[in-house]
Amino acid sequence: MKTIKDPVHGHVRVSDDLLPLLDAPHVQRLRYVRQLGFSHLVYPGANHSRFEHSVGTMHLAGSMARELGLDADACLLTEAAGLLHDIGHGPFSHATEPLLTEFCNRGHDDIAPLLIEEMAPVLSGAGVDPDEIAAMVNGSHRYAGIIHGDLDVDRMDYLMRDAHYTGVPYGTVDPDRLIHSSAIHDEYGLYLRENGIHSAESLLLARTLMRPSVYYHHVSRIAESMILLASLAHATAMGGNPYPDMVRMNDFAFIAALLSSPSEEAVSLTQRILDRRLYKRAVYVGQDQVNAEGYREGITVIRSREIAEDIAAEAGVDSITVLVDIPAFPSEMRMGVRVEDHYDLKSLEEISPLLTALNKARRGQWRLGIYTTPGQQDAVADAAGRVLSIKKPTKQDKLIL
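Residues numbered from 1 in each chain as written. Predicted model: local features only at pLDDT ≥ 70, side-chain atom pairs only at ≥ 80, totals over all residues. Heavy atoms only, no water.

**With respect to the pairing of strand S6 (residues 322–325)**
Taken residue by residue, a regular strand's side chains alternate between the two faces of the sheet. The alternating pattern of S6 places Val 322 and Val 324 on one face and Leu 323 and Asp 325 on the opposite face, and all of these are buried. The pairing of S6 with strand S9 (residues 368–372) spans 4 bridges and is classified as antiparallel. Bridge pairing links Leu 323 to Tyr 371 in S9. (Buried < 20%, exposed > 50% of the residue type's maximum accessible area, 1.4 Å probe, protein only. Helix = DSSP H or I, 4+ residues; strand = E, 2+ residues; numbered from the N terminus. Pairing = 2+ DSSP bridges.)

In structure tokens:
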């Protein structure tokens, strides 16, 4: 048994069965992968890692599994899934997710190849089935809702942890109440008892408030857009796919590769990020000012460069100085987990009107961003307006900028 002192949960105990997994290279790599990508450029304290989050998720997963009365094998499986659920992340976490999709044809939840091909011996030694771990993470296991669901322990931990390290007061979650209010139904699976409704609403509120202030803060989005352009420039200069092993790279290795790139553009953009000489917003508009419906699913990193080049040509500036950031619409928060209402199990939407209001707020948080170097924002904004048919910003929009 090992005890880890965690700033969010206090003392976290790791069983002897899980110690080989904790020490595995794929898990230790997460010590050097920032949880929040480039949010440290906004919040200096946001330097926590995916490793810390994984340990916290493991801790909460074990607590919930025991609260649900699962047997020893199921508890071990759940804790292992909590520890391993993020080993598929690339450097800087979600910031490089488009590169995983573009160059590796995978998302960060697709961890089955790592588990089955590379971690099978250590998992077998711990008495855990790699296929069951993968099913827990991708949502297909009976108990997957503990790790991957609407009220999962993954969200509980990252909301609390991200709020702690950024210092923002929005990630208020009561994991103990949520865990103690959870139960298993023979037909519906995981559900929430009536005394946990307010805690569930608090978690959903935290998700809504943390999105614009932390997860989609414009400075973070600009830095992410810059690193993606640097990565594409590097890939072009290398004449192929320089990222086949992205899920084995940490932040330092990734930055080192870009700084040593044969592409001057890649080196310059990367150095600008390190020096915090970031691009500025030329356009930053919501759904009501652009044909947002056409971008409901977001766009690929390659398509964003095509649009950026059109805007740059229209503005008469170098294409490397224009970045296009069009994220997918915020997903609708739904409570797939049923909630106890006296003697019946219902959806949270039937009991609480808060969820509808929060989803409306989330839709209003969506922003299309066009970024450029200081001094040419007006020219790029005018060009972007013509290329993307963006409505002229109102006074309120200018206040946002």
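From this point, the discussion proceeds with the structure in view.
**A look at the packing of helix H11 (residues 197–215) against helix H17 (residues 354–364)**
Interhelical geometry of H11 versus H17 gives an angle of 10° and a closest axis separation of 10 Å. The angle between H11 and H17 places the two elements in the roughly parallel class. Along its contact with H11, which presents Glu 201, Leu 204, Leu 205, Arg 207, Thr 208 and Arg 211, the element H17 presents Leu 354, Leu 355, Leu 358, Ala 361 and Arg 362. Of the residues belonging to the contact of H11 with H17, the class tally is 6 nonpolar, 1 polar and 4 charged. (Axes fitted to C-alpha atoms, helices over the stretch in contact; angles between N-to-C directions. Parallel < 35°, antiparallel > 145°, perpendicular 65-115°, else oblique. Contact = heavy atoms within 4.5 Å. Nonpolar A, V, L, I, M, F, W, Y, C, P; charged D, E, K, R; others polar.)

**A word on the environment of His 180**
Here His 180 lies in helix H10 (residues 175–180). Put simply, His 180 and Met 64 are 116 residues apart on the chain and 7.6 Å apart in space, counted from C-alpha to C-alpha. In contact with His 180, other than residues within four places in its own chain, are Glu 67 and Arg 193. Within the structure, the side chain of His 180 is placed 2.9 Å from the side chain of Glu 67, a separation counted as a polar contact. (Polar contact = N/O pair within 3.5 Å; in protein donor to acceptor, adjacent residues only side chain to side chain.)

**Observations concerning the sheet that holds strand S5 (residues 280–285)**
The strands making up a sheet are joined through hydrogen bonds of the backbone, oriented either antiparallel or parallel. Pairing is antiparallel across the open sheet formed by 3 strands, whose spatial order is S5-S9-S6. Two strands in the sheet have a free side with no partner beyond their single neighbour: S5 and S6. Adjacent strand axes in the sheet meet at a mean angle of 15° when their direction is disregarded. Where S5 meets S9, 5 bridges bridge the pair, whose relative direction is antiparallel. Paired with Arg 281 across the strands is Tyr 371, a residue of S9. Relative to S6, helix H15 (residues 301–315) is tilted by about 135°, and along the sheet it contacts S6 and S9.

**Overview of the pattern of salt bridges**
Taken as a whole and judged by the stated rule, the model has 13 salt bridges. With its nearest N and O atoms 3.7 Å apart, the salt bridge here joins Glu 79 to Arg 66. Pair noted here: Glu 79 is in helix H4 (residues 72–84) and Arg 66 is in helix H3 (residues 50–67), with a separation of 13 residues, a long-range link. Exposure remark for Glu 79: the relative accessible area of 11% places this residue in the buried category. Residue Arg 66 is classed as partly exposed on the basis of its relative accessible area of 48%. One continuous salt-bridge network, built from bridges that share partners, spans Asp 6, Asp 157 and Arg 161. (Salt bridge = Lys/Arg side-chain N within 4 Å of Asp/Glu carboxyl O.)

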